[in-house]
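The lines below spell out each chain.
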Amino acid sequence: MKRLRTIFLSIGAVLAGLFVAVVPAQAATSQPCDIYGSAGTPCVAAHSTIRALYASYNGPLYQVKRADGALLDIGLLSPGGIANAAAQDSFCLNSTCIINEIFDQSPRHNDLTIEGAGGAGSADVGAPANALPVSVGGHTAYGVEISAGMGYRDNTTSGVAVNGQPEGMYMVASATHVNGGCCFDYGNAETNNQDTGNGHMDAVYLGLRCEFGGCNSSGGPWVAADLENGLYQSNTGTQASDPGPGIIPFVTAMLNNNGQNHFALKRGNSQTGGLTTTYSGSEPTVKSGYSPMHQEGAIVLGTGGDNSNADVGSFFEGVMTAGVPTDAADNAVQANIVAAGYGGPNGVPGGTLTPGSSISLRATTACCTTRYIRHSAGDAVTSVITSTSSALDKNDATWIIRPGLANSSCVSFESKNYPGDYLRHANYQLHRQPFDGSSLMAQDATFCPATGNIGQYTSFQSYNYPGYYLRHYNAIVYIAHNGGSNPWDNPALWADDTTWQVSSPWA
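Residues numbered from 1 in each chain as written. Predicted model: local features only at pLDDT ≥ 70, side-chain atom pairs only at ≥ 80, totals over all residues. Heavy atoms only, no water.

Caption draft 1: Representation of the confidence of the model for the chain in the model. With 94% of its residues at a pLDDT of at least 70, the chain reaches an overall mean of 94. A low-confidence stretch, residues 1–27 stays under pLDDT 50, and its non-local contacts, those more than four residues away or across chains, total 56 contacts. (pLDDT = per-residue confidence, 0-100. Contact = heavy atoms within 4.5 Å.)

Caption draft 2: Quick look at the sheet that holds strand β13 (residues 222–226). Taken together, the ten strands give an open sheet; going across it, the order is β3-β2-β4-β5-β9-β18-β11-β12-β13-β14, and neighbouring strands pair in antiparallel fashion. Every interior strand has two partners, whereas the edge strands, β3 (71–74) and β14 (231–232), have only one. By the bridge criterion, five bridges tie strand β2 (residues 62–66) to strand β4 (residues 97–102) in an arrangement that is antiparallel. Considered in β4, the bridge of R66 is made with C97. Packed on one face of the sheet, helix α2 (residues 85–92) meets β2, β3 and β4 and runs near 15° to β2. (Pairing = 2+ DSSP bridges. Helix = DSSP H or I, 4+ residues; strand = E, 2+ residues; numbered from the N terminus. Axes fitted to C-alpha atoms, helices over the stretch in contact; angles between N-to-C directions.)

Caption draft 3: Inspection of the packing of aromatic side chains at higher detail. Scanning the entire structure with this criterion turns up 17 aromatic pairs. With a centroid separation of 5.6 Å and an interplanar angle of 90°, the aromatic rings of Y469 and W494 are classed as edge-to-face. Of this pair, Y469 sits in strand β29 (residues 469–473) while W494 sits in helix α6 (residues 494–497), and the two are 25 residues apart along the sequence. The pair formed by Y469 and W494 is uniform in burial state, with each residue classed as buried. A network of ring pairs unites the aromatic residues Y428, Y465, Y468, Y478 and W488 as a single cluster. (Phe/Tyr/Trp six-rings, centres within 6.5 Å; stacked < 30°, edge-to-face > 60°. Buried < 20%, exposed > 50% of the residue type's maximum accessible area, 1.4 Å probe, protein only.)

Caption draft 4: Structural view of the layout of surface pockets. The space that makes up the second largest pocket amounts to roughly 330 Å³. Contributing to the lining of the second largest pocket are 25 residues, with P249, N395, K416, N417 and Y418 lying nearest its centre. When residues of the lining of the second largest pocket are traced back to their parent elements, those giving at least two are β6 (133–136), β21 (371–376), α4 (391–396), β23 (399–403) and β24 (411–415). The class makeup of the residues in the lining of the second largest pocket is eleven nonpolar, nine polar and five charged. (1 Å grid on protein atoms, 1.4 Å probe; cavity = no way out; pocket = protein on both sides within 12 Å on 5 of 7 lines; lining within 4 Å. Points joined across faces, edges and corners; volume = space filled by probe spheres on them. Nonpolar A, V, L, I, M, F, W, Y, C, P; charged D, E, K, R; others polar.)

Caption draft 5: Fine view of unusual backbone geometry. Residues C182 and C183 are joined by a peptide bond in cis, for which omega reads -15°. Here C183 lies in the loop between β10 (167–173) and β11 (185–189). With an omega dihedral of 5°, the bond running from S291 to P292 counts as a cis peptide bond. Look at N94: it is not a glycine, yet its phi comes out positive at around 60°. Residue classification places N94 among the exposed residues on the basis of a relative accessible area of 70%. Phi at E228 is positive, roughly 75°, even though this residue is not glycine.

Caption draft 6: Up close: the state of the cysteines. Applying the stated criterion to the full structure yields six disulfides. In this model, C33 is linked to C43 through a disulfide, with the two sulfur atoms separated by 2.1 Å. Taking the torsion about the sulfur-sulfur bond, which here is approximately -95°, the covalent link between C33 and C43 counts as left-handed. Here C33 is found in helix α1 (residues 32–38), whereas its partner C43 is found in strand β1 (residues 43–48), with ten residues between them in sequence. The class of C43 is buried, set by a relative accessible area of 5%. Paired by a disulfide, C210 and C215 hold their sulfur atoms 2.0 Å apart. (Disulfide = S-S within 2.5 Å.)

This is the structure we're talking about:
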């Protein structure tokens, strides 16, 4: 029996100076499940930690579990609106939280809980609740950041397609947080956490896995259909003409399957534009057992059907429908997703150390006053950034201030164009990495601001290495001590190199 949902209580108190008050979002007139329902393909599952997927929905989106075992359901700022992230911030302040359950907004109540052991993986753990902050609709909310060993599932569902019935599904994910592990899926899976054969899954996938070879030379990621024992970009497995969506922060990934002889894959940029159909044709032909399909009706998020859980991914929202949606309905849903404003302004002015503010960090050493901290190939470096720099360079040099992952009185720097990735030190060098929920990374990614070591501007001291400050040295960013044993600890220009101007964001 499913746990009865608790009554959601809005928590308004937040730590002064760290969080900015929000104005309740206005309810939408039509959300994805309203669109699909009007088109005759109602949602049988609607999951999001970000926003309501029905215009009238006013229940909880997800539940967080604090380190002491306390639970809180996170609801909405207003009916049909955005998640009340401030409630999570207040509840989890000075502690840690995981996402314990993701509620189904549809009348079917197909809620997702942390996945148990399966044929290919031991029992999963919950995703850290604060790992994936994102701006949407003028507010900040939290997505689901999946690292290896994390996943969610419901094996006792209502209304989900079984035994060749038609269905559709989509998820909004990120192309910046992917790998080649199996399998970052959302959709229909086995009810016993085992691989029960070809055609027993019907889930949409986003990642770098190319099981059949011959994939596009872009290297992905790609949208594919996980139909069990194969990630299919087409009926032959591969779609060499599809370069994938590119390395963009928000991707709409869609799968429609009539359960008998046809499936289709679509993708789009969740911030702009329409959908691209990458495949529409017969069920897989390179292996048997897919025509008709043999879906079992469980729902999985973040793993394969047998709990293959070596994957990573970022999940923001997703739905499943009874029946195959029309192209018109899919197009209208994509337009709704774009209009939601993923990655857009969040109402916090830029150029300050207030959480939610977007900033760029300019070097103040006389030699280098046109150089800013940016990420390149995962490392933190300084580069000259000007008004004529490329959009990519400007995005790479823009950071979002977040409450310190290890101490909310300090700060962490989230990448603007890689949601959920933070600046952290490892072996003294700074890198851009996704937050895995570990205490070590939380500490490595937390920096405490103080008056600049030259007497003005700002210096940032490492939270877990007192006396070590962010420093640029030969265009690479380190944490450095004044007069330590490493080359970047050289006392010459140490005060200048560890002082930064917090400036307006380039992106």
